[in-house]
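Residues per chain, in single letters:
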Amino acid sequence: METVPLFKLAARHGGRTAVIDDGGVYSYRDLLERSARAGAGLLDGGGDLREARVAFLAPPGFDYAAAQWGIWRAGGIAVPVAVSHPRAEIEYTVDDADASIVVAHPQFEERLRPVAEARRLRFSLTTDLFGGPAGPLPNVDVRRAAMILYTSGSTGRPKGVLTTHANIQAQVATLVEAWEWTPGDHILNVLPLHHVHGIINAMTCALWAGAVCEIQPSFDPRRVWGRLSAGDLTLFMAVPTTYKALIREWESAGVERRQAMSRGASKLRLMVSGSDALMVSTLEKWKKITGHTLLERYGMTEIGMALSNPLYGERSPGHVGTPLPGVEVRLVELELDEETGRHEHGGPAARGTPGEVQARGPGVFREYWRRPDATREALSSDGWFCSGDVASLEDGGFRIWGRASQDIIITGGENVSAREVEQVLSAHPGIRACAVVGALDHYWGKAVSAAVVAEEGHEVNRESLRDWARGKLAPYKLPQRVRVVSELPMNTMGKVVKPEVRAIFDAESPGEEE
Ligand code: AMP
């Protein structure tokens, strides 16, 4: 039996700093000590939680890490609840995961205690768990289930993605190797901790490597710039929307502050973008400001990270690189069955032509929690996970076209990638943000439709945008419909919620402009 190595590694780092948050500075020893108490409290005299689901909610920071480790060390499955979730979604998570214990930081007691009490579940405050005595903890085999993260597909309720300790270890190990994490690293994390990006890529990689994970409880561009300017960080990871907000903050600063911001940020060794498509316009602005070519990578809750631009060597804008160590990636042709609306798999996609991204490796999740049909559909018996994303392999590496279900627009018989149109429109000086969808249309079947947020003082409309984009996009890719909106609907990860954008256009009569 191989027990979870994360805790053994932590013991080696002893008094070194593990986590910094608004409450203080905490060593690896503190983390081991506090999580041991939490584990003993959760066990409550029992020997092993035996994969009981523990739903927990703590603000991003040391208490979050100690609670998560406590659940793991007691043999439980950690089910993080999102800080931003309203009561109905918290209830959904607790019920779907079939949690038997609910843990909350006192800040969230009011939100979680009633949920637990209504279901007669055990409820504990983190402060009570951390204040109790330590006690014997079970040996937890790496093959056991560790975590359930909820992920929303484009349709249906969120599904629980179950990963084992071995899966998490593999997801972490590949990034530690590829991005050369060392104990000398110091990352600033502003990502939410109910999602793979913040939990695995930022926090667990740091704690695995013996590095410092500094955590701000939420994203505030001024605060982030304060830390980037100091010049003592080595790593930063964020979603494209975050980089856009940081660019705006830099642009609104005076000359002297701008210089200090740029100087500090240039000292980091690596800045990463992912979880959503990075617009080349954002990459270029960030490069001008900080000197960094953002390293773009691609991954999913179900598989961890799969593709990455290189740490050394050329990072190709608009591309997400090549497979990470230990991850196999292939592209498989997809055919849309017009009758059923489902995609059927064909043979391997030729170089340069689009196909579904499929990934295999030790980081691939075990199953969708209590959804055997969904698991069977997505995960083949020989271990390939069908991502539902479409990409092509080009000289610069893999290029993501988007979700097969929503970003591949079949318009007048031609396939258009919403992502490609977004890339082009984003470079328009009058456009701050945009989202492209396929709206129902009598004539085109689906009409390429763009919702755009205009930059202050700029006016954009359908004709001016089409005129500007001609020559940059083939005629059938030019947006048929354009709506200027004040903001785009986004989820807590800063990703545009495409079904809501489509609803803007579908509410209009299909094809009214043609
Ligand atoms: P999540 O499971 O919430 O991390 O979402 C994963 C999805 O985000 C993927 O299936 C992709 O559709 C999208 N995604 C992640 N990274 C990228 C990227 N670099 N470019 C484009 N889409 C991405």
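Residues numbered from 1 in each chain as written. Predicted model: local features only at pLDDT ≥ 70, side-chain atom pairs only at ≥ 80, totals over all residues. Heavy atoms only, no water.

**Considerations on the sheet that holds strand β21 (residues 397-403)**
Logical step 1: Spatial ordering of the open sheet is given by β17-β16-β18-β20-β21, a layout of five strands whose pairing is antiparallel. In this open sheet, the two strands that pair with only one neighbour each are β17 (343-348) and β21. With direction set aside, neighbouring strand axes in the sheet form an average angle of 50°.
Logical step 2: Bridge count for strand β18 (residues 355-360) against strand β20 (residues 385-394) is four bridges, and the pairing is antiparallel. In the strand pairing of β20, Gly-355 is matched with Ala-391. (Pairing = 2+ DSSP bridges. Helix = DSSP H or I, 4+ residues; strand = E, 2+ residues; numbered from the N terminus. Axes fitted to C-alpha atoms, helices over the stretch in contact; angles between N-to-C directions.)

**Thoughts on the site of the ligand**
Logical step 1: Taken together, 16 residues lie near the ligand, and His-195, Arg-297, Thr-301, Asp-389 and Lys-495 sit nearest.
Logical step 2: Contact distances for the ligand include 2.6 Å between an oxygen atom and a side-chain N or O atom of Thr-301.
Logical step 3: One nitrogen or oxygen atom from the side chain of Lys-495 is found 2.9 Å from an oxygen atom belonging to the ligand.
Logical step 4: Calculation on the ligand without its partners gives an accessible area of 500 Å², and the protein chains cover 92% of this total. (Near = heavy atom within 4 Å. Polar contact = N/O pair within 3.5 Å; in protein donor to acceptor, adjacent residues only side chain to side chain. Areas by Shrake-Rupley, 256 points an atom, 1.4 Å probe, with all protein chains shown as cover.)

**Considering the packing of helix α1 (residues 5-13) against helix α8 (residues 196-209)**
Logical step 1: In the contact formed by α1 and α8, the axes pass within 8 Å of each other and the chain directions differ by 55°. Considered as vectors, α1 and α8 are oriented oblique to each other. Seen from α1, the contacting residues are Pro-5, Leu-6, Leu-9 and His-13; seen from α8, they are Thr-204, Leu-207, Trp-208 and Ala-209.
Logical step 2: Residue composition of the contact of α1 with α8, grouped by class: six nonpolar, two polar and no charged. (Parallel < 35°, antiparallel > 145°, perpendicular 65-115°, else oblique. Contact = heavy atoms within 4.5 Å. Nonpolar A, V, L, I, M, F, W, Y, C, P; charged D, E, K, R; others polar.)

**Description of unusual backbone geometry**
Logical step 1: Even without being a glycine, Ser-275 presents a positive backbone phi close to 80°.
Logical step 2: One can find Ser-275 in the loop between β12 (270-273) and α12 (280-290).
Logical step 3: Although it is not a glycine, Arg-370 adopts a positive phi angle of roughly 55°.
Logical step 4: Locating Arg-370 in the fold gives a position in the loop between β19 (367-368) and α13 (372-378).

**Some remarks on the packing of aromatic side chains**
Logical step 1: Applying the stated criterion across every chain yields a total of 10 aromatic pairs.
Logical step 2: Ring centres of Tyr-26 and Phe-62 lie 3.9 Å apart, and the angle between their planes is 0°; on these two criteria the pair is classed as stacked. With Tyr-26 in strand β2 (residues 24-27) and Phe-62 in helix α3 (residues 62-73), this residue pair connects regions lying 36 residues apart in the sequence. Per residue, the accessibility class of Tyr-26 equals that of Phe-62, and both read buried.
Logical step 3: The interplanar angle of 45° and the centroid separation of 5.0 Å between the aromatic rings of Phe-56 and Tyr-64 together place this pair among those described as tilted.
Logical step 4: Given the relative accessible area of 1%, Phe-56 is considered buried. (Phe/Tyr/Trp six-rings, centres within 6.5 Å; stacked < 30°, edge-to-face > 60°. Buried < 20%, exposed > 50% of the residue type's maximum accessible area, 1.4 Å probe, protein only.)

**Section: the nonpolar core**
Logical step 1: Leu-42, Trp-69, Trp-72, Trp-181 and Phe-385 are the most contacted members of the largest nonpolar core, which totals 92 residues.
Logical step 2: With 10 residues, α8 is the largest single contributor of residues to this core.
Logical step 3: Val-190, Tyr-243, Met-271 and Leu-294 belong to the second largest nonpolar core, which has 22 residues in total. (Core = buried A, V, L, I, M, F, W, Y, C linked by side-chain atoms within 4.5 Å.)

**A closer look at the sheet that holds strand β11 (residues 235-238)**
Within a sheet, neighbouring strands are paired by backbone hydrogen bonds and run either parallel or antiparallel to one another.
Logical step 1: Reading across from one edge, β2-β1-β10-β9-β11-β12-β13-β14-β15 is the order of the nine strands in this open sheet, with mixed pairing throughout. Sheet topology places β2 and β15 (322-323) at the edges, where each strand pairs with a single neighbour.
Logical step 2: Against the sheet, helix α9 (residues 221-230) contacts β9 (186-189), β10 (212-215), β11 and β12, and its axis sits at roughly 170° relative to β9.

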